[in-house]
Amino acid sequence: MSNENTFFALADFLIPAYGKMPKFSDVCGYADVEKSLDFRTDLKPGFARGIAVDPASGAEACLESLNKEDGEAFSAITTIAIATYYMSPRVRELIGYPGQENVPYDSKATQIYLTDGSLGHVIARGRKYRPTPGL
């Protein structure tokens, strides 16, 4: 089995189809995975070790082994799988996430939570302070 196929087996185990949500390999290609790795170059060494596992024992056993023996590789595999999946246009559409938006912010304007009373319960309870032990 190629490293790409190994990753897809692991990713499909981590993110299976459920209800209206597709499994990982139904919405992501390896080019998408590589794009995620281009953003997280720090994960490349662990990712390479993670996809070099022998998948003969099954995805669950491989992931459990990675988690116990090489936490960095396990973290790289899971992080890239999750990030790639949730940046898929189809998945973003299904969960109603339009992507990052440019929301204007005026740092000089009085923020609404200061004037709409939503901090009233915090002000009403009074100051709370706990001293740091040993100081």
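For the structure, check the block above.
Worth saying up front: this structure is predicted, and the values here are computed from it rather than measured.

The rules behind the values
Residues numbered from 1 in each chain as written. Predicted model: local features only at pLDDT ≥ 70, side-chain atom pairs only at ≥ 80, totals over all residues. Heavy atoms only, no water. Helix = DSSP H or I, 4+ residues; strand = E, 2+ residues; numbered from the N terminus. Buried < 20%, exposed > 50% of the residue type's maximum accessible area, 1.4 Å probe, protein only. Lys, Arg positive; Asp, Glu negative; His and termini not counted. Salt bridge = Lys/Arg side-chain N within 4 Å of Asp/Glu carboxyl O. Polar contact = N/O pair within 3.5 Å; in protein donor to acceptor, adjacent residues only side chain to side chain. Contact = heavy atoms within 4.5 Å. Expected span 1.5 Å × (residues − 1). Axes fitted to C-alpha atoms, helices over the stretch in contact; angles between N-to-C directions. Parallel < 35°, antiparallel > 145°, perpendicular 65-115°, else oblique. Nonpolar A, V, L, I, M, F, W, Y, C, P; charged D, E, K, R; others polar. 1 Å grid on protein atoms, 1.4 Å probe; cavity = no way out; pocket = protein on both sides within 12 Å on 5 of 7 lines; lining within 4 Å. Points joined across faces, edges and corners; volume = space filled by probe spheres on them.

1. Some thoughts on the side chain of Asp12
Part 1 of the reasoning: Of note, Asp12 is situated in helix H1 (residues 3-14).
Part 2 of the reasoning: Despite its burial, Asp12 remains without a salt bridge, the nearest opposite charge being carried by Lys23 at 4.2 Å.
Part 3 of the reasoning: A polar side-chain atom of Asp12 sits 3.4 Å from the main-chain amide nitrogen of Phe24.
Part 4 of the reasoning: Side-chain polar atoms of Asp12 contact the side chain of Ser25, separated by 2.7 Å.
Part 5 of the reasoning: Excluding residues within four positions of it along the chain, Asp12 makes contact with Lys23, Phe24 and Ser25.

2. Details of H1
Part 1 of the reasoning: The terminal C-alpha atoms of H1, which comprises 12 residues, lie 16 Å apart, in line with the 16 Å expected from a rise of 1.5 Å per residue.
Part 2 of the reasoning: Along H1, the residues classified as buried are Thr6, Phe7, Phe8, Leu10, Ala11 and Asp12.
Part 3 of the reasoning: Against helix H2 (24-27), helix H3 (30-39), helix H4 (44-50), helix H5 (59-69) and helix H6 (71-86) lie the buried residues of H1.

3. A short note on H6
Part 1 of the reasoning: Given a rise of 1.5 Å per residue, 16 residues ought to cover 22 Å, and the 22 Å separating the end C-alpha atoms of H6 matches this to within 8%.
Part 2 of the reasoning: When we look at burial in H6, the residues that qualify are Ala73, Ala76, Ile77, Thr78, Ile80, Ala81, Thr84 and Tyr85.
Part 3 of the reasoning: Packing partners of the buried residues in H6 comprise H1, H2, H3, H4, H5 and helix H7 (89-95).

4. Topic: the packing of H1 against H5
Part 1 of the reasoning: In contact at an axis separation of 9 Å, H1 and H5 are set at 90° when each is read in the N-to-C sense. One element, H1, and the other, H5, form an angle in the roughly perpendicular class. Residues Ala9, Leu10, Phe13 and Leu14 of H1 form the contact with H5, whose participating residues are Ala59, Glu60, Cys62 and Leu63.
Part 2 of the reasoning: Here the residues of the contact of H1 with H5 are counted per class, giving 7 nonpolar, no polar and 1 charged.

5. Points about the layout of surface pockets
Part 1 of the reasoning: As a volume, the largest pocket reaches approximately 230 Å³.
Part 2 of the reasoning: Contributing to the lining of the largest pocket are 14 residues, with Asp32, Lys35, Ser36, Thr84 and Met87 lying nearest its centre.
Part 3 of the reasoning: If you list the elements that add at least two residues to the lining of the largest pocket, you get H3 and H6.
Part 4 of the reasoning: Here the residues of the lining of the largest pocket sort into 7 nonpolar, 4 polar and 3 charged.

6. A short note on the environment of Ile95
Part 1 of the reasoning: Assignment of secondary structure puts Ile95 in helix H7.
Part 2 of the reasoning: Taking the relative accessible area as the measure of exposure, Ile95 reaches 43% and is therefore partly exposed.
Part 3 of the reasoning: The spacing of Ile95 and Lys20 is 75 residues in sequence and 9.8 Å in space, taken between C-alpha atoms.
Part 4 of the reasoning: Filtering out sequence-adjacent residues up to four positions away, Ile95 remains in contact with Met21 and Tyr86.

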